Amino acid sequence: MSLPETMRAIEISRPGGPEVLRPATVPVPVPGHGQILIRVAYAGVNRPDALQRAGAYAPPPGASPLPGLEASGTVAAVGPGVTRWRVGEEVCALLPGGGYADYAVTPADHALPVPSGLTLREAACLPETCFTVWSNVALRGGLRAGERFLVHGGSSGIGTTAIQLAAALGARVFATAGSEEKCAACRALGAERAINYREEDFVAVLKAEGGADLILDMVGGSYLPRNVKALATEGRLVQIAFLEGTKVELNFAEVMMRRLTITGSTLRPQSDLAKARYARDIETQVWPLVARGALRPVIDSEFPIEQAAEAHARMEGSSHIGKIVLKL
Ligand SMILES: NC(=O)c1ccc[n+]([C@@H]2O[C@H](COP(=O)([O-])OP(=O)(O)OC[C@H]3O[C@@H](n4cnc5c(N)ncnc54)[C@H](OP(=O)(O)O)[C@@H]3O)[C@@H](O)[C@H]2O)c1
């Protein structure tokens, strides 16, 4: 396959709002040792892309400065040492950055086959949320069948994946969301109870059920002390973002008295090896769930790559349910 020297991309012209995303022409990246080059068909949009655009989430050393943490497409070239993939194969992949472009490079073992029965458009929406939810809910949070699981932001890209994965693992799923429409979407995905946080107190709902064994939270701020109250004895809280803020007053005696665990993680700065391990787990544990229809990407909307700014504005407007995807 002959490759062009330059490609279309969306770059962050300066830190700021969605309008700083600008179409550009940049060199096609070259895959290094152990990497593949993907001819991108679709790129998923994630909140961390908006944080990066705003100047609040710098790419790790060596990563492309272009936004885009996941994509689907066709292998266009393989670097030295790659044995798993051949040019022409369809993949979806977690990326260190650079997904908002015609071509993107990533370590070969961060790519996965397109799950059977899924289109490339659907497959582009899976890597970032599956890696994040698998590593934080199944591994770090240790969710077990029969446990009560609460996810905040249930209608988000992360939330829609977390609800389905937790339900497939046999947990009882509770979710919060900001409107009745979003709550209905959470229930349709497998939440036995969706809590409209504008009208109901999630602490009271969970306490009436005996408390949450595991909470996945992206809100932080005032939710931190309320999450602690909502946890059952020996419960675990996994923090993956702080949309409402990082500073809060918390009575740690409750953590001690009820033997709670408070932890958290971010995916992007983790080592290539750690991400490769998650990829292997996801292929063996999660892809079969996707293949049998127990976990499907929920797609809110699609934008052509030239309209990446509109896609970010939609995400930050928070009226979306599920994932936003860019077509290359
Ligand atoms: N730690 C990691 O490795 C990792 C990886 C990927 C994503 N994340 C984080 O996970 C979160 C979800 O990501 P996503 O891509 O799924 O984003 P998303 O679809 O935009 O979801 C954000 C959700 O948060 C809800 N929300 C609740 N309180 C909010 C507040 N105070 N401000 C803004 N939104 C609020 C919004 O809906 P309603 O308020 O209407 O319910 C919305 O559904 C983001 O914060 C992202 O940074 C973390």
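Residues numbered from 1 in each chain as written. Predicted model: local features only at pLDDT ≥ 70, side-chain atom pairs only at ≥ 80, totals over all residues.

- The protein carries the name NADPH/quinone reductase-related Zn-dependent oxidoreductase in an unreviewed UniProt entry, which gives Cereibacter sphaeroides as its organism.

### Looking at the overall build of the protein
Phase 1: The helix and strand inventory of the protein stands at 10 helices and 15 strands.
Phase 2: In terms of C-alpha radius of gyration, the protein reaches 20 Å, essentially the compact-globule figure of 20 Å for 328 residues.
Phase 3: When each of the 328 residues of the protein is scored for burial, the buried share is 49%.
Phase 4: The long-range fraction of contacts in the protein, counting pairs at least 24 apart against all pairs at least 6 apart in sequence, stands at 66%. (Helix = DSSP H or I, 4+ residues; strand = E, 2+ residues; numbered from the N terminus. Rg over C-alpha atoms; globule rule 2.2 N^0.38 Å. Buried ≥ 20, exposed ≤ 12 C-beta atoms within 10 Å, placed from the backbone. Contact = placed C-beta atoms within 7 Å.)

### A look at the domain arrangement of the protein
Phase 1: Looking at the assigned domains, one finds that the protein contains domain 1 (6–126 + 268–327) and domain 2 (130–264).
Phase 2: When each unit is reduced to the centre of its C-alpha atoms, the spacing between domain 1 and domain 2 is 26 Å.
Phase 3: In this complex, domain 1 contributes 15 residues to the contact, which on the side of domain 2 involves 12 residues.
Phase 4: When residues in the side of domain 1 that touches domain 2 are grouped by element, the largest group, six residues, is from helix H9 (residues 272–291). (Domains from an automatic or database assignment.)

### With respect to helix H4 (residues 157–168)
Phase 1: Across its 12 residues, H4 extends 17 Å between first and last C-alpha, which sits within 8% of the 16 Å expected from 1.5 Å per residue.
Phase 2: When you tally the buried positions in H4, you get 10 out of 12 residues, the bulk of the element.
Phase 3: Of the residues making up H4, those classed as buried are Gly157, Ile158, Gly159, Thr160, Thr161, Ala162, Ile163, Gln164, Leu165 and Ala166.
Phase 4: A positive phi of about 95° marks Gly170, the residue just after H4. (Expected span 1.5 Å × (residues − 1).)

### A short note on unusual backbone geometry
Phase 1: Within the chain, Glu234 stands out as a residue other than glycine whose phi angle is a positive 70°.
Phase 2: Within the fold, Glu234 resides in strand E12 (residues 231–239).
Phase 3: When the 11 C-beta atoms within 10 Å are taken as the criterion, Glu234 is described as exposed.
Phase 4: With a phi angle near 50°, Arg259 is a residue other than glycine that sits in the positive phi range.

### Here's the deal with the site of the ligand
Phase 1: Residues in close proximity to the ligand total 24 residues, the closest being Gly153, Ser156, Gly157, Gly178 and Ala241.
Phase 2: Elements that contribute at least two residues to the shell around the ligand include exactly helix H1 (47–53), helix H3 (127–140) and H4.
Phase 3: Each residue belonging to the shell around the ligand can be placed in one class, and the counts come to 10 nonpolar, 10 polar and four charged.
Phase 4: When we break the shell around the ligand down by domain, the ones giving at least three residues each are domain 1 (6–126 + 268–327) and domain 2 (130–264). (Near = placed C-beta within 6 Å. Nonpolar A, V, L, I, M, F, W, Y, C, P; charged D, E, K, R; others polar.)

### Let's talk about the sheet that holds strand E8 (residues 148–151)
Phase 1: The six strands are arranged E10-E9-E8-E11-E12-E13 in an open sheet whose pairing can be described as parallel. Of all strands in the sheet, those bounded by a partner on one side alone are strand E10 (193–196) and strand E13 (261–264). Averaged over all neighbouring strand pairs, the angle between strand axes comes to 15°, with direction disregarded.
Phase 2: Here E12 pairs with E13 via four bridges, running parallel. Opposite Gln239, over in E13, you have Gly264 as the bridge partner.
Phase 3: Relative to the sheet, H4 contacts E8, strand E9 (172–177) and strand E11 (212–217), its axis offset from that of E9 by approximately 165°. (Pairing = 2+ DSSP bridges. Axes fitted to C-alpha atoms, helices over the stretch in contact; angles between N-to-C directions.)

### Some words on the packing of H3 against H9
Phase 1: Direction vectors running N to C along H3 and H9 enclose 90°, while the axes themselves pass 10 Å from each other. Compared by their axis directions, H3 and H9 come out roughly perpendicular. Counting all contacts with H3, which are made through Cys130, Phe131, Trp134 and Ser135, the residues of H9 involved are Lys275, Tyr278, Asp281, Ile282 and Val286.
Phase 2: Counted by class, the contact of H3 with H9 contains six nonpolar, one polar and two charged residues. (Parallel < 35°, antiparallel > 145°, perpendicular 65-115°, else oblique.)

### Some points on the pairing of E10
Phase 1: The sheet contact formed by E9 and E10 spans four bridges and is parallel. Bridge pairing in E10 places Thr176 opposite Ile195.
Phase 2: Once the chain exits E9 it traverses helix H5 (residues 180–188) before rejoining the sheet at E10, and the crossover so formed is right-handed. (Right-handed = clockwise from strand over helix to strand, strands pointing away.)

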